[in-house]
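A structural walkthrough
The residues making up each chain are set out below.
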Amino acid sequence: MLTSPNEVQICRWMYADSLAGFLQADPAAILGALLQHSQGAVEPTQRDAWLRQIDLLRACHWTSDVVACARIYLEFTVPRLGRRVDTVLLTDRGLVLVEFKVGAAGFTRSALDQGWDYGLDFKHFHEASHAIAILPVLVATQAPAQVLEIGTSFIGDGLTRPLCAAPEQLPQIVNTVRDWIDAPTIDADAWERGRYLPTTTIVEAARALYAGHAVAEISRSDAGAAKRWLRGQARGSERFGVVVSWQAERLKPLAIDIRVKTDPVKWFLDGKDDTRSSYYLEDVATEFQVQGLELDWVCVVWDGDLRFAETARGHHEFRGSRWMRIQKPERRRYLENAYRVLLTRARQGMVIVVPEGSADDPTRQRLFYDPTFEYLQALGMRAL
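Residues numbered from 1 in each chain as written. Predicted model: local features only at pLDDT ≥ 70, side-chain atom pairs only at ≥ 80, totals over all residues. Heavy atoms only, no water.

1. Some remarks on helix 9 (residues 223-233)
What counts, and what does not: Each residue is placed in one exposure class: buried if its accessible area under a 1.4 Å probe, protein chains only, is under 20% of its type's maximum, exposed if it is over 50%, and partly exposed if it falls in between. Each helix is a run of H or I in the DSSP string that is no shorter than four residues. Each strand is a run of E no shorter than two, and both are numbered from the N terminus. Our arc is simply the arc of the directions from the helix axis toward the C-beta atoms.
For helix 9, the complete set of buried residues consists of Ala-223, Ala-225, Ala-226, Trp-229, Leu-230 and Gln-233. For helix 9, the arc enclosing every buried residue in end-on projection is 155 degrees, short of the 170-degree limit, so these residues lie on one face.

2. Re the pattern of salt bridges
Rule in force here: The salt bridge criterion pairs a side-chain nitrogen of Lys or Arg with a carboxyl oxygen of Asp or Glu, the two atoms within 4 Å.
Scanning all chains against the criterion turns up 18 salt bridges. Measuring nitrogen to oxygen at the nearest pair gives 4.0 Å for the salt bridge that ties Lys-101 to Glu-99. Of the residues examined, Lys-101 reaches a relative accessible area of 23% and is grouped as partly exposed. In this structure, Arg-259 and Asp-257 form a salt bridge, with 3.2 Å as the shortest nitrogen-oxygen distance. On the accessibility criterion, Asp-257 (25% relative accessible area) is partly exposed.

3. Some thoughts on the sheet that holds strand 12 (residues 322-325)
Through backbone hydrogen bonds, the strands of a sheet pair up, either in parallel or in antiparallel fashion. Selection criterion: Two strands form a pair only when DSSP identifies at least two bridges running between them. Throughout, an axis means a line fitted to C-alpha atoms (over the contacting stretch in the case of helices), and angles, computed between N-to-C directions, take values from 0 to 180 degrees. In what follows, residue pairs with any heavy atoms lying within 4.5 Å of each other are defined as contacts.
Sheet architecture is open: 3 strands sit in the order 10-11-12, paired in antiparallel fashion. Each edge of the open sheet carries a strand with a single partner, namely strand 10 (306-308) and strand 12. Averaged over all pairs of adjacent strands, the angle between strand axes in this sheet comes to 40 degrees, irrespective of strand direction. Pairing of strand 10 with strand 11 (residues 313-319), which is carried by 3 bridges, proceeds in the antiparallel orientation. The partner of Phe-308 across the bridge, within strand 11, is Arg-313. Across the sheet, helix 12 (residues 329-342) is in contact with strand 10 and strand 11; its angle to strand 11 comes to roughly 95 degrees.

4. Digging into the side chain of Thr-372
Rules: The term polar contact refers here to a pair of N or O atoms within 3.5 Å; inside protein, the definition further demands a hydrogen-donor-capable atom paired with an acceptor-capable atom, and it admits residues adjacent in sequence only when both atoms are side-chain atoms.
By the element assignment, Thr-372 lies in helix 13 (residues 370-378). Residue Thr-372 is classed as buried on the basis of its relative accessible area of 1%. Polar side-chain contacts of Thr-372 include one of 3.1 Å to the backbone nitrogen of Phe-308. Once residues lying within four places of it in the same chain are set aside, the contact partners of Thr-372 are Trp-302, Leu-306, Arg-307 and Phe-308.

5. Concerning the environment of Ala-378
Mapped onto the secondary structure, Ala-378 falls in helix 13. Among the residues examined, Ala-378 registers a relative accessible area of 68% and is labelled exposed. The spatial distance from the C-alpha of Ala-378 to the C-alpha of Ser-219 is 14 Å, given a sequence separation of 159 residues.

6. Some details on the packing of aromatic side chains
A ring pair, where both rings are aromatic, is described by two values, the distance of the centres and the angle of the planes. How we decide: Aromatic contacts are taken between Phe, Tyr and Trp rings whose centres are within 6.5 Å, Trp giving its six-membered ring; a plane angle under 30 degrees counts as stacked, one over 60 as edge-to-face, and the others as tilted. Both a distance and an angle decide whether a charge sits over a ring: NZ of Lys or CZ of Arg must be within 6 Å of the ring centre and within 35 degrees of the ring normal.
One pass over the structure, following the stated rule, counts 17 aromatic pairs. Seen from their ring centres, Trp-229 and Trp-297 are 5.9 Å apart, and the 80 degrees between their planes marks the pair as edge-to-face. Of this pair, Trp-229 sits in helix 9 while Trp-297 sits in strand 9 (residues 295-301), and the two are 68 residues apart along the sequence. In this structure an aromatic cluster arises from ring pairing among Trp-13, Tyr-73, Phe-76, Phe-122 and Trp-191. Over the ring of Tyr-279 we find Lys-272; its NZ or CZ atom is 5.4 Å from the centre of that ring.

7. Looking at the nonpolar core
To keep things clear, this is the line we draw: As used in this record, nonpolar core signifies buried Ala, Val, Leu, Ile, Met, Phe, Trp, Tyr and Cys residues forming a set joined through side-chain atoms within 4.5 Å.
In terms of nonpolar packing, the biggest core is built from 35 residues, with Tyr-15, Phe-22, Leu-57, Trp-62, Leu-74, Val-137 and Leu-170 touching the most fellow members. Those residues in contact with Leu-170, other than ones at most four positions away along the chain, are Leu-57, Cys-60, Trp-62, Val-98, Phe-100, Val-137 and Val-139. In this structure, Ala-285, Phe-368, Phe-373 and Leu-376 belong to the second largest nonpolar core, which totals 28 residues.

Okay, structure coming up:
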């Protein structure tokens, strides 16, 4: 078949074959293919890891129907992440992404995030994987057999939660996936030709999420419920955080104090093990710190500075011990724009917390918050 220059297929893997061909091949030949396609010198530890993975995959007791239909790809490049998936198994019903942890007996949180990230990348950025089921699997080579429970996240996009497994459980996982998925047969040749389209698929993923799922919700409970919501939605290294208006002076009962300075660099860039990062949900960011930037999942905590009723909006600032009306039109517009910034920071989903107020606190009266909650609910936002 002839192809035009624009249709030349990019090979994203270092080795590929049918599963049957892989099982019949000489392990030395498989290793040779990996070494041949490596860029630069290969460390002995990497060479040994490849040999171990090859041996483990060949030792698995694959069923004849899986051997007949599956293809295997080793060191599959994930361009956006700058990494390679150790093993990709493409069956007639779904895609299994296998990451080996050679010598490990357990599964770390960072390894689980890695599995999520691989799955998300294929789902959102690999054109031929958009509509198929994807199952990330972490294999610790020294781990005992694990309890296998296949479950999807709330998104319902066919990407399952990463499974932790021992090497000998891989055939069981593949068989379960094939039995569990009711989908058209995957065209393996077409899948191999699938393009990697990061820009387009971001838009497509966002449209699908906002069109088909309840990604905007509101809560009347404390911010703790919203934090649990955020942690429950985020997958892998998807980023989440809490944002508030810089005039949100009466959120201290919810453990939010805007006078505490947030380091925006640490908040946006540091990992899950840094208490200053957005992941920890302890420090909050204001419109000044998030303008022009985005997170995957956002919690907006709404104070009494901007209030909604059926026919009007109320603009306030807190001075001393009470709320004062903002009179100047330009300052009112500024406050509205501040909330506009906060409400557009989420790429995938958002929860808004409207405090319940307190009958014992004149600065946090229910009438400051109830009309806003009712207004948002009337717009169609689902209450948690």
